[in-house]
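Coordinate inspection notes
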Amino acid sequence: PDVLITGCHHAREWISVETPIYYANQLINNYATDSFARSVVDRMQVWIVPIVNPDGLVYSQSAPDISDGRRLWRKNRRPLSLSSCVTATGVDLNRNYEYGWRLGGDEPWDDYCSSDRSCLQDDRGGSDDPNNLEIYRGPKAASEPEVKVIKSLTDDPNRHFRVELDYHNYSELILYPWGFQSDAAPDAQGRSSADQVKVNANG
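Here the structure is a predicted model, which is why all the values come from computation and not from measurement.

Regarding the confidence of the model for the chain
A residue-level look at the chain finds 92% of positions with pLDDT of 70 or above and a mean pLDDT of 88. Scored below 50 in pLDDT, residues 194-203 makes seven contacts in the model with residues more than four places away or belonging to other chains.

Re the state of the cysteines
One pass over the full model with this rule turns up one disulfide. Each sulfur of the disulfide joining cysteine 85 and cysteine 113 lies 1.9 Å from the other. Between cysteine 85 and cysteine 113 the sulfur-sulfur dihedral comes to about 105°; the bridge is accordingly right-handed. Placement of cysteine 85 in the loop between strand E3 (79-81) and strand E4 (87-89) and of cysteine 113 in the loop between E4 and helix H4 (145-154) is noted, with a sequence separation of 28 residues between them. Relative accessible area serves as the criterion here: at 42%, cysteine 113 is assigned to the partly exposed category.

What about the pattern of salt bridges?
In the structure shown here, the tally under the stated rule is 12 salt bridges. Among the ionic pairs, arginine 74 bridges to aspartate 92, the shortest N-O distance being 3.1 Å. In this pair, arginine 74 sits in the loop between helix H3 (54-61) and E3 while aspartate 92 sits in the loop between E4 and H4, placing the two residues 18 residues apart along the sequence. Each member of the pair, arginine 74 together with aspartate 92, is buried. Of the charged contacts, one joins aspartate 106 and arginine 102 as a salt bridge, the two residues approaching to 3.2 Å between their closest N and O atoms.

Thoughts on the packing of aromatic side chains
Counting across every chain of the model gives three aromatic pairs. With 6.4 Å between their ring centres and 55° between their planes, tyrosine 22 and tyrosine 23 make a pair best called tilted. Looking at tyrosine 22, the relative accessible area reads 48%, which means it is partly exposed. On the numbers, 6.0 Å between centres and 55° between planes, the contact of tyrosine 23 with tyrosine 167 is tilted. Placement of tyrosine 23 in helix H1 (residues 18-30) and of tyrosine 167 in strand E5 (residues 161-167) is noted, with a sequence separation of 144 residues between them.

Quick look at the side chain of aspartate 106
Position of aspartate 106 relative to the elements: it lies in the loop between E4 and H4. Beyond its immediate stretch of four places on either side in the chain, aspartate 106 contacts Asp122, Asp123, Arg124, Gly126, Asp128 and Arg137.

Thresholds, definitions, all that
Residue indices begin from 1 for each chain and proceed along its sequence in written order. Reporting of local features is limited, given that this is a predicted model, to residues whose pLDDT is at least 70; pairs of side-chain atoms are given and counted only at 80 or more, and all residues count toward the totals for whole chains, interfaces and linings. Computation of side-chain values: all heavy atoms of the structure, hydrogens and water removed. On a scale of 0 to 100, pLDDT captures the predictor's confidence in every residue. Contacts were defined at the residue level, with two residues in contact if any of their heavy atoms lie within 4.5 Å. Note that a disulfide, as used here, is simply two cysteine sulfur atoms within 2.5 Å. Strands here are runs of E lasting at least two residues and helices are runs of H or I lasting at least four, both read from the DSSP assignment and numbered beginning at the N terminus. Buried, partly exposed and exposed residues are distinguished by accessible area as a fraction of the type maximum, computed with a 1.4 Å probe on protein chains only: under 20%, between the cut-offs, and over 50%, respectively. Definition used for salt bridges: Asp or Glu carboxyl oxygen within 4 Å of a side-chain nitrogen of Lys or Arg. Stacked, tilted and edge-to-face are the three classes assigned to paired rings of Phe, Tyr and Trp, where Trp is represented by its six-membered ring and a pair needs centres within 6.5 Å; plane angles under 30 degrees give stacked, over 60 edge-to-face, the rest tilted.

Encoded structure:
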């Protein structure tokens, strides 16, 4: 089985790089002396991508201090020219993946030149506004090179991913793929909320 561990989808979350690096160090440095580390390395394919958003991270780290807006930059740094009326920079990579890219009831904003921005009021889960500094989902699903690279790895028919752990450093939450909606995951049927939290926390 394959396991993918990623960090730093969001540029300003510098510390999210450290947990994937820690896993790598533990597996490499303890392979010879720890039976669990040896078992993981010998029996699984472990892929570690500590920085999914390298250009965004470098831009965020270029800020001299917290008062500089660059420090809180979240998206990647790809220049966007969506029409003669809109140019912007960056996409929230975490919201650019294909699954759940546009939730039901969220109509696309196609006319960037229109002064009517009322269509942005139905945005759910991500924004259609390229000037949204927090949650702009991108011009289309999987439009970003960083997401395409991760997708090419996880979609490879020679790979058999069973686990993907993505580290962020905002809040103290354990989220799983159905976290974007209020319905429970299919395998959570018959479990109490407390049991679901235990499953999520313990794998």
